[in-house]
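Below, each chain spelled out in residue letters.
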Amino acid sequence: MNTQSTGMAVITGASSGIGAVYADRLARRGYDLLLVARNDGAMAELAKKVVSETGRNIGILAADLTDSNDLAKLERILREDSRVSLLLNNGGTGATAPLLNSDVADMSEMIALNVEAVTRLTYAAVPAFVKRGAGTIINIASIVAIAPERLNGVYGGTKAFVLAFSQSLRNELGNTGVKVQVVLPGATATDFWKKSGKPVEQLPAEIVMSAEDMVDAALAGLDRGEFATIPALADVGQWQSYEAARQALLPNLSRAKPAARYAVARIVG
C-alpha cells in the first residue's frame, strides 16, 4: 500500500468502466481521488472498495457535466483546490448509429459532454498547474478521432476535437512542466456499447480490449512519456509516420496563391 500522496486526481466518468479502472490504478500509485459521475451510488461502492484496498482518501461528486451548475461546481474545485495534481477527462458519451438515424438533441448533448465539458474543465485546471510548474492532463479520445468513418460522425468529430485540443495544449504547455497525454482506445469492453445501441457482444472478440488492459497500457504510455497512446497499436512507427506526414503538411497549408493544379488564373484588365 502506497502511503505517500502524489496529490489528488480528479476523474470524470468515474462510476464504471475505464474511469473505475483508472480510479483503482491511480489510487495504487499514491493519488487521493475525487470521483465525478452522475451515478453516486456506483461511485460510493467504488470508493469503498478502493479505500479498503489502498487506504487513499477518496471523495465523490455526483454531477451531470452537461448541467451548467454542476459543471461550474467542478470547475471551482479545479481552480481552487491546491491538492489537484491530475485531471482525467474521461467522462463522455457516444453513438454508433449513422447521422441520419440519430436524434439531433442527443448529438447536441454529446457535444456538450465530449467537447464543452472537456474544454472548460481543462481551462479550470491548467492555470494552477502552470503556476506550480507541475500537473498532468489525461484526455480520453478514441481511435475514431483519426478514423471517423468507423462510428457515428458526430461522435468521431467530438473525439477529433479532443485530439486536436490535446495537440494544442501540448504545444502551448511544452515548457511549463505540465504533462499532457491523449489516449485513443479502440473498442473497449465497457457499457459504452450498450448505451450507444450496439452491445459489445456483437463486436468481433479479436478487436475488443478489456478496460483493465486498456488503462494499464495507457498508464505505461504515460510513464514512457508518450503524448499519444493507442493501446492496441503494435507498431508505434505507424503513428510516428502519420504524425510526421501531418507535420510535413504544415508549412504548405497556407499560401498567397492557389496550388498550380487548380489552374486559377487571375484576369488582369
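This one's a predicted model, so the numbers in the text were calculated from it and none came from an experiment.

Secondary structure assignment for the protein chain yields 8 helices and 9 strands. Whereas a compact globule of 269 residues would reach a radius of gyration of roughly 18 Å, the protein chain reaches 20 Å, a difference of no more than 12%. Across its three principal directions, the C-alpha atoms of the protein chain cover 80 × 45 × 40 Å. When each of the 269 residues of the protein chain is scored for burial, the buried share is 44%. Within the protein chain, counting contacts between residues at least 6 apart in sequence, those at least 24 apart form 69% of the total. As displayed, the protein chain offers around 14,500 Å² of accessible surface, 52% of which is attributable to carbon and sulfur atoms. The positive charge centre, built from 27 side chains, and the negative charge centre, built from 27, are 7 Å apart in the protein chain.

This paragraph deals with the sheet that holds strand S3 (residues 58–62). An order of S3-S2-S1-S4-S5-S6-S9 is seen for the 7 strands of this open sheet, with the pairing classed as parallel. The sheet terminates laterally at S3 and strand S9 (228–229), the two strands that pair on one side only. Where strand S1 (residues 8–12) lies against strand S4 (residues 84–89), 4 bridges are found, and the strand directions are parallel. In the strand pairing of S4, Val10 is matched with Leu87. The strands touched by helix H4 (residues 104–132) are S1, S4, strand S5 (135–140) and strand S6 (178–183); relative to S4, the strand with the most contacts, the crossing angle is about 155 degrees. Those strands touched by helix H7 (residues 211–223) are S5, S6 and S9, and its axis lies near 145 degrees from that of S6.

Following the criterion strictly, the structure yields 13 salt bridges and no others. For Asp216, the salt bridge identified is with Arg25, shortest N-O distance 2.7 Å. Placement of the pair is Asp216 in helix H7 and Arg25 in helix H1 (residues 17–28), with a sequence separation of 191 residues. Classification of Asp216 as partly exposed rests on a relative accessible area of 34%. A salt bridge links Glu53 to Lys49; its shortest N-O distance comes to 3.3 Å. One end of the pair, Glu53, and the other, Lys49, are both in helix H2 (residues 40–54), 4 residues apart, so they sit about a helical turn from each other. The partly exposed category is assigned to Glu53, whose relative accessible area is 32%. With a relative accessible area of 44%, Lys49 lands in the partly exposed category. Linked by salt bridges that have partners in common, Asp24, Arg25, Arg28, Lys49, Glu53 and Asp216 make up one network.

On to the packing of aromatic side chains, then. Under the criterion given, the structure shown has 3 aromatic pairs. Seen from their ring centres, Phe161 and Phe165 are 5.4 Å apart, and the 15 degrees between their planes marks the pair as stacked. In this pair, Phe161 and Phe165 both sit in helix H5 (residues 153–172), 4 residues apart, roughly one turn of the helix. With a centroid separation of 5.3 Å and an interplanar angle of 25 degrees, the aromatic rings of Trp239 and Tyr242 are classed as stacked. On the criterion of helical spacing, the pair formed by Trp239 and Tyr242 is a turn pair, its members being 3 residues apart in helix H8 (residues 236–249). For Trp239, a relative accessible area of 12% puts it in the buried group. The rings of Tyr123, Phe161 and Phe165 are connected pair by pair, giving a single aromatic cluster.

All right, on to the nonpolar core then. Core analysis: the largest hydrophobic core is formed by 36 residues, its most contacted members being Val10, Val36, Leu65, Leu74, Leu78 and Val182. Elements supplying a minimum of two residues to this core: S1, strand S2 (32–37), helix H3 (68–80), S4, H4, H5 and S6. Here this core gets 8 residues from one element, more than from any other, and that element is H4. Not counting residues within four places of it along the chain, the set of residues in contact with Val182 comprises Asn139, Ala141, Val162, Leu163, Ser166, Phe227, Ala228 and Thr229. Among the nonpolar cores identified, the runner-up in size contains 29 residues, and Ala23, Val183, Met214 and Val215 belong to it.

How each quantity is defined
- Residues numbered from 1 in each chain as written.
- Predicted model: local features only at pLDDT ≥ 70, side-chain atom pairs only at ≥ 80, totals over all residues.
- Heavy atoms only, no water.
- Helix = DSSP H or I, 4+ residues; strand = E, 2+ residues; numbered from the N terminus.
- Rg over C-alpha atoms; globule rule 2.2 N^0.38 Å.
- Buried < 20%, exposed > 50% of the residue type's maximum accessible area, 1.4 Å probe, protein only.
- Contact = heavy atoms within 4.5 Å.
- Areas by Shrake-Rupley, 256 points an atom, 1.4 Å probe, with all protein chains shown as cover.
- Lys, Arg positive; Asp, Glu negative; His and termini not counted.
- Charge placed at Lys NZ, Arg CZ, Asp CG, Glu CD.
- Pairing = 2+ DSSP bridges.
- Axes fitted to C-alpha atoms, helices over the stretch in contact; angles between N-to-C directions.
- Salt bridge = Lys/Arg side-chain N within 4 Å of Asp/Glu carboxyl O.
- Phe/Tyr/Trp six-rings, centres within 6.5 Å; stacked < 30°, edge-to-face > 60°.
- Core = buried A, V, L, I, M, F, W, Y, C linked by side-chain atoms within 4.5 Å.

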